[in-house]
Amino acid sequence: MIEARGLTKRYGNTLAVDQLSFDVEPGKITGFLGPNGAGKTTTMRLILGLDRPTSGDVRVNGKHLNQLAWPMREVGALLDAKAVHGGRSAYNHLLCLAQTNGLHRSRVDEVLDLVGLHEVARKRSKGFSLGMGQRLGIAAALLGDPSILMFDEPVNGLDPEGILWVRNLMKALAAEGRTVFVSSHLMSEMENTADFLIVIGRGKLIAQSSVAEFIAANSQQSVRVSTPERSALAAAAAAAGATVRDDDSGKLIVLGLTPAQVGDLAFEHGIRLHELAPAHASLEQAFMELTASSVEFQAGLPGDQDRVAAGKVA
Amino acid sequence: MTSVAAHERLVGGAVAPHPPGRAGFVGTVRSEFTKLWSVRSTYWTLLALLIVCVGIGALFCWGQTARLASISSGTTLRGGPIPAGAVHSILIQREDQTRSMATTISLFGLLFGQLIIVVLGSLVITSEYSTGMIRTSLTSMPRRGTIFAAKAFVFGVVALVTGLVTSFLAFFVGQAILSSWHVNDTLGQTDVLRSVIGGGLFLCVCGLLSFGIGAMLRHSAGAISASIGLLFVVFILSNFLPGPPSGWFGQTDIDKWIPFFAGSRLWENALGGVHLFSPWTSFGVFCAYAAAAMIGGLVLFLRRDA
């Protein structure tokens with residue numbers, strides 16, 4: 001259980017985290033979403049006591065991190081896979097962490113096996129690939145067999161197999177009743193793993209809900225239609241009050257009608273349909289819509305202005 | 001690839017109960033000990049310390065015996081002749097000089113050894129910042145005072161032991177060389193044991209001073225430069241101040257406060273020591289500098305965002 005109350009962190013003139021209040025509950029994966037620079041890492045640093053909040057408070061299992069009897073046995077965190085001394089072997093890196101919390105050496109071997117780094121355990125981590133570094137960071141987080149796990153962008157640099165592995169690992173950890181708090185800027189990743197979402201933008205809380213609720217609340221229902229009579233259907237749908245746009249593959253996306261309504265509409269107008277499917281309103285879309293105003297570094301695409309002016313963007 | 005099934009087997013279905021007590025100093029000392037001895041820089045710096053201190057001391061001692069040998073054969077070191085009548089008196093004078101400074105000569109390498117121990121002292125803490133390891137360290141042991149104390153303790157003990165070994169080895173090797181002219185010191189003589197032990201203490205405190213500076217600056221190159229500046233450059237600069245006859249604030253007033261002079265008073269007598277505090281008082285001054293650096297480092301370590 002992680003509880004943040006009015007958590008605020010200011011660096012000079014920048015308000016990195018602004019009045020965040022949220023709970024991260026055990027037994028599920030809580031996704032922590034936000035665009036780059038939204039304050040996800042800062043929030044995690046505040047939870048871990050690495051940074052001191054300007055105001056507000058955050059507790060893990062009811063205490064500040066430095067009040068926990070056995071910190072590693074309660075909280076395991078992967079903040080930055082590069083936060084290791086490259087001259088130290090993977091084994092010794094984990095050993096020196098284990099020793100602070102009175103964990104046995106055998107536990108080091110266990111987690112090395114678990115993350116699949118056993119063969120390179122005696123090699124200096126300097127030579128590790130990004131993926132291996134990420135695994136070492138996950139090993140360190142799991143070392144104390146903690147009830148709370150925090151991962152900051154854990155799939156960064158992992159190959160598809162590695163991503164799947166991390167995903168399954170997180171699910172298994174949550175299924176065991178642990179608190180799993182994972183940050184990402186990749187909505188697609190969260191859609192596949194998270195049960196609950198905490199969304200922030202520019203340091204502020206934007207949303208806090210389950211994944212399904214989040215999608216339902218933040219994205220319009222849409223229907224994907226394939227038809228040889230595109231203009232006729234577009235006109236009919238528009239007449240019925242829907243918004244119609246092209247998708248990239250020449251199909252139509254109808255917003256504001258259910259698949260049944262679109263089918264009926266086509267039947268009434270005698271329009272042949274080749275495909276009629278509810279478009280999966282993705283978390284990605286919902287997220288983009290929600291955070292559009294709170295992206296810190298907004299990049300303009302060349303030509304965006306003209307296209308908007310010409311009304312070609314739906 | 002390890003499957004999730006393996007994970008479930010290893011971690012178990014439930015979170016294990018915690019043992020009584022809490023993570024504290026002893027475990028953190030163990031951890032810091034592992035940290036120190038699991039990187040190569042530790043071995044290299046300590047080996048360099050030993051070689052430089054013993055080697056330079058031996059070289060200096062050998063130089064003295066070579067000088068005595070050349071005088072006794074009636075030539076200067078450059079090979080020019082010394083008038084026959086002068087040889088005996090010069091030789092006696094040189095022998096006396098060497099004898100009175102035998103311990104200091106053999107420990108002369110410590111002047112350079114301090115430059116090496118400060119590298120390790122700084123790196124022990126600054127490498128945590130340069131590598132990012134500090135974030136991992138503070139997550140596993142968030143009680144910062146405990147980490148700082150354990151780190152200082154482990155490094156201090158290692159620096160003291162290595163310092164003493166270095167000092168004694170330099171002494172014995174140097175005296176063995178000087179013994180060929182019977183101008184060597186033995187540990188039983190007045191102040192000799194204090195000097196040799198003092199050499200080890202000096203190296204240890206030099207290291208702790210740089211550890212404190214490292215904790216304040218959090219930057220390897222900066223901390224090493226600052227330590228070398230404070231220990232090595234300041235005492236050289238002090239030589240440019242006006243000397244004893246000066247009517248105003250000069251070298252003789254300030255020498256006793258110069259870190260290197262204060263610290264080295266315990267193991268050397270070449271400077272005559274007339275302007276300095278007594279050996280142990282002097283060393284106390286030196287320790288105060290180190291303590292100030294460490295307290296400054298600790299306060300910042302506790303307060304700053306990592």
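Keep in mind that what you see is a predicted model, and the values were worked out from it rather than measured.

Asks: Which residues make up the overall build of chain A, and what values go with them?
Replies: In terms of regular secondary structure, chain A is built from twelve helices and 13 strands. Taking contacts inside chain A between residues at least 6 apart in sequence as the whole, the part at least 24 apart equals 70%.

Asks: Provide a residue-level description of the overall build of chain B, including the pertinent values.
Replies: Looking only at helices and strands, chain B has 13 helices and zero strands in total. At 25 Å, chain B has a C-alpha radius of gyration far larger than the 19 Å of a compact globule built from 306 residues. Over its C-alpha atoms, taken along the principal directions, chain B stretches across nearly 95 × 50 × 35 Å. For chain B, with 306 residues in total, the buried portion stands at 42%. In chain B, once contacts between residues fewer than 6 apart in sequence are set aside, the share between residues at least 24 apart is 76%.

Asks: For unusual backbone geometry, give the residues involved together with the corresponding values.
Replies: Residues and elements named next belong to chain B. The phi dihedral of H182 falls on the positive side, at around 55 degrees, and the residue is not glycine. Along the chain, H182 turns up in the loop between α8 (144–178) and α9 (192–217). Its identity is not glycine, yet R218 carries a phi of approximately 55 degrees, on the positive side. For R218, a count of 19 C-beta atoms within 10 Å corresponds to the partly exposed category.

Asks: Which residues make up the sheet that holds strand β10 (residues 222–226) of chain A, and what values go with them?
Replies: Residues and elements named next belong to chain A. Strand order in the open sheet made by the four strands is β11-β12-β10-β13, with antiparallel pairing throughout. The open sheet has two free edges, formed respectively by β11 (243–246) and β13 (275–279), since each of these has just one partner strand. Strand-to-strand twist of the sheet, defined as the mean angle between neighbouring strand axes without regard to direction, takes the value 25 degrees. Packed on one face of the sheet, helix α9 (residues 230–239) meets β10, β11 and β12 (252–255) and runs near 5 degrees to β12. Here helix α10 (residues 259–269) sits on the sheet in contact with β10, β12 and β13, set at roughly 155 degrees to β13.

Asks: Help me get a handle on the nonpolar core, residues and values and all.
Replies: Residue and element names in this part refer to chain A. L94, A139 and L143 are the most contacted members of the largest nonpolar core, which totals 150 residues. If near-sequence neighbours (up to four positions away) are discounted, A139 is found in contact with L94, V111, L112, L114, V115 and L117. In terms of nonpolar packing, the next biggest core, distinct from the first, is built from eleven residues, L233, V244, V262 and A266 among them.

Asks: Give a detailed account of the domain arrangement of chain A, specifying residues and quantitative values.
Replies: Split into domains, chain A comes out as domain 1 (2–216) and domain 2 (217–309). Of note, the centres of domain 1 of chain A and domain 2 of chain A, computed from C-alpha atoms alone, are 37 Å apart.

Criteria and thresholds
- Residues numbered from 1 in each chain as written.
- Chains lettered and ligands numbered in written order.
- Predicted model: local features only at pLDDT ≥ 70, side-chain atom pairs only at ≥ 80, totals over all residues.
- Helix = DSSP H or I, 4+ residues; strand = E, 2+ residues; numbered from the N terminus.
- Contact = placed C-beta atoms within 7 Å.
- Rg over C-alpha atoms; globule rule 2.2 N^0.38 Å.
- Buried ≥ 20, exposed ≤ 12 C-beta atoms within 10 Å, placed from the backbone.
- Pairing = 2+ DSSP bridges.
- Axes fitted to C-alpha atoms, helices over the stretch in contact; angles between N-to-C directions.
- Core = buried A, V, L, I, M, F, W, Y, C linked by C-beta atoms within 7 Å.
- Domains from an automatic or database assignment.

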